[in-house]
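# Observations on the three-dimensional arrangement
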Amino acid sequence: MLNRALRRFLGLIWRLIWRGALAFIVLSVALVLLFRFVPPPGSMVMVERKIQSWINSEPIDIQRQWRSWENLSSNAKLAVIAAEDQRFPQHRGFDLVELKRALKASLDGERLRGASTLSQQTAKNVFLWSGRSWARKGLEVWFTLLIEMLWSKQRILEVYLNVAEWDTGVFGLEAAAGHYFGASGSALTERQASLLAAILPSPRTRSASRPDAQVERRSQWILQQMRNLGGVRYLERL
């Protein structure tokens with residue numbers, strides 16, 4: 001009798017697990033397909049910032065205006081590729097070259113460095129929470145694979161530029177361009193685009209309009225990389 005009850009209980013748990021997993025797969029695929037055509041209404045990072053502001057009793061004003069691919073600065077598109085993911089047109093979501101370099105550096109005792117692609121960052125920003133855990137990393141892999149399969153490279157970069165965080169409460173290229181330069185996200189100069197890309201690793205502690213020495217050096221490096229890639233014609237590879 002006890003064994004029979006235990007088998008029924010384990011069978012119930014198993015059914016709940018696989019039904020939950022199936023529901024998650026269907027829902028996540030449906031969301032990614034929807035956002036292939038419809039602008040995401042926001043991102044999980046925006047939700048996270050709002051929740052943090054409520055917990056800390058520090059009101060935050062989310063600034064964000066969606067802009068289509070054609071209304072996003074080509075200089076900004078190239079700048080974030082040059083800064084964050086120069087093999088973006090070639091890889092399928094994961095840059096194995098950078099992953100190997102990061103692993104080797106870690107094994108050599110150097111500080112562990114990031115190797116996230118623009119696809120991974122887009123998946124994380126739109127669908128997941130920030131922080132480091134194996135669970136979040138596993139979900140990041142899943143959503144990265146989905147957007148690589150269901151979106152074009154142009155769509156991935158378009159969404160990334162519309163959800164990236166550039167300061168506290170400032171999300172997306174249009175809001176960032178206005179916040180730092182009083183400009184439109186479609187008309188950024190190479191210099192302005194390189195400064196915005198330069199602060200992406202720590203957007204809430206650095207400024208594109210008042211760059212410190214570290215941001216200035218990174219901006220100059222990004223400008224050189226943009227030229228090495230062949231300028232905005234590089235975007236034709238997308």
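Scroll up to find the structure.
All figures in this text were calculated on a predicted structure; none of them were measured in a lab.

### Notes on the side chain of Ser-43
Tracing the sequence through the fold places Ser-43 in the loop between α1 (2-37) and α2 (44-55). The exposure class assigned to Ser-43 is buried, which follows from its relative accessible area of 4%. Setting aside residues up to four positions removed in sequence, Ser-43 forms contacts with Asn-125, Val-126 and Val-163.

### Points about the packing of aromatic side chains
Two descriptors summarise a pair of aromatic rings, namely the distance from one centre to the other and the angle between the planes of the rings. What the rule picks out here adds up to four aromatic pairs. Plain terms: the ring middles of Phe-127 and Phe-143 are 4.5 Å apart, the flat faces sit at 10° to each other, and that makes the pair stacked. With Phe-127 in helix α5 (residues 118-127) and Phe-143 in helix α6 (residues 134-150), this residue pair connects regions lying 16 residues apart in the sequence. Pair check on accessibility: Phe-127 and Phe-143 agree, each one buried. What links up through ring pairs into an aromatic cluster is the set Phe-24, Phe-35, Phe-127 and Phe-143. The residue whose ring lies beneath Lys-77 is Trp-69, and the NZ or CZ to ring-centre distance is 3.6 Å.

### Quick word on the packing of helix α3 (residues 74-84) against helix α7 (residues 153-163)
How two helices pack is summed up by the angle between their axes together with the distance between the axes. The geometry of α3 relative to α7 is characterised by a closest axis approach of 11 Å and an angle of 95° between their N-to-C directions. With respect to each other, α3 and α7 are oriented roughly perpendicular. Taken together, the residues of α7 that come into contact with α3 (itself represented by Ala-76, Lys-77, Val-80, Ile-81 and Glu-84) are Leu-157, Tyr-160 and Leu-161. Each residue belonging to the contact of α3 with α7 can be placed in one class, and the counts come to six nonpolar, no polar and two charged.

### What to know about the environment of Arg-87
By secondary structure assignment, the location of Arg-87 is in the loop between α3 and α4 (96-107). Expressed as a C-alpha distance, the spacing of Arg-87 and Arg-227, which sit 140 residues apart in the sequence, is 15 Å. Ignoring any residue separated from it by four or fewer positions in sequence, one finds Arg-87 in contact with Asp-95, Val-97, Glu-98 and Arg-101. Separated by 3.0 Å, the side chains of Arg-87 and Asp-95 make a polar contact.

### Things to note about the nonpolar core
Ranked by internal contacts, the top residues of the largest apolar core, which has 52 residues, are Ile-81, Phe-127, Leu-157, Tyr-160, Trp-166, Leu-196 and Ile-222. Elements with a contribution of two residues or more to this core: α1, α3, α5, α6, α7, α8 (173-181), α9 (190-198) and α10 (213-228). With seven residues, α3 is the single largest residue contributor to this core. Filtering out sequence-adjacent residues up to four positions away, Ile-222 remains in contact with Ala-79, Ala-82, Ala-83, Ser-194, Ala-197 and Ala-198.

### Comments concerning a nonpolar patch on the surface
On the surface, Leu-6, Phe-9, Leu-10, Leu-12, Ile-13, Trp-14, Leu-16, Ile-17, Trp-18, Leu-22 and Val-26 cluster together into a nonpolar patch covering about 1,100 Å² of accessible area. As for its position among the elements, Val-26 is in helix α1.

### Side note on the packing of α5 against α6
In the contact formed by α5 and α6, the axes pass within 8 Å of each other and the chain directions differ by 110°. With respect to α6, the element α5 is oriented roughly perpendicular. Every pair of crossing elements has a handedness; the one defined by α5 and α6 is right-handed. Here Ser-119, Gln-120, Thr-122, Ala-123, Lys-124 and Phe-127 of α5 come into contact with α6, specifically with Arg-136, Lys-137, Glu-140, Phe-143, Thr-144, Ile-147 and Glu-148. Of the residues contributing to the contact of α5 with α6, the split by class is four nonpolar, four polar and five charged.

### Quick look at the pattern of salt bridges
Counted by the stated rule, this structure contains twelve salt bridges. Close ionic contact of Arg-92 with Glu-148 constitutes a salt bridge, the shortest N to O distance being 3.8 Å. One end of the pair, Arg-92, is in the loop between α3 and α4; the other, Glu-148, is in helix α6, with 56 residues separating them in the sequence. Classification of Arg-92 as exposed rests on a relative accessible area of 54%. Given a relative accessible area of 4%, Glu-148 falls into the buried group. Between Glu-148 and Lys-153 there is a salt bridge; the shortest N-O distance is 2.8 Å.

### A closer look at unusual backbone geometry
One non-glycine residue, Ser-57, lies in positive phi territory at about 55°. Take Ser-57: it is sitting in the loop between α2 and α3. Under the relative-accessibility criterion, Ser-57 is labelled exposed at 62%.

Parameters and conventions
- Residues numbered from 1 in each chain as written.
- Predicted model: local features only at pLDDT ≥ 70, side-chain atom pairs only at ≥ 80, totals over all residues.
- Heavy atoms only, no water.
- Helix = DSSP H or I, 4+ residues; strand = E, 2+ residues; numbered from the N terminus.
- Buried < 20%, exposed > 50% of the residue type's maximum accessible area, 1.4 Å probe, protein only.
- Contact = heavy atoms within 4.5 Å.
- Phe/Tyr/Trp six-rings, centres within 6.5 Å; stacked < 30°, edge-to-face > 60°.
- Lys NZ or Arg CZ within 6 Å of the ring centre and 35° of its normal.
- Axes fitted to C-alpha atoms, helices over the stretch in contact; angles between N-to-C directions.
- Parallel < 35°, antiparallel > 145°, perpendicular 65-115°, else oblique.
- Nonpolar A, V, L, I, M, F, W, Y, C, P; charged D, E, K, R; others polar.
- Polar contact = N/O pair within 3.5 Å; in protein donor to acceptor, adjacent residues only side chain to side chain.
- Core = buried A, V, L, I, M, F, W, Y, C linked by side-chain atoms within 4.5 Å.
- Patch = residues over 30% accessible without salt bridge, like charges linked within 9 Å, V, L, I, M, F, W, Y side chains within 5 Å.
- Areas by Shrake-Rupley, 256 points an atom, 1.4 Å probe, with all protein chains shown as cover.
- Salt bridge = Lys/Arg side-chain N within 4 Å of Asp/Glu carboxyl O.
- Left-handed = near helix turned anticlockwise from the far one by under 90°.

Taken by themselves, the reported measurements are silent on function.
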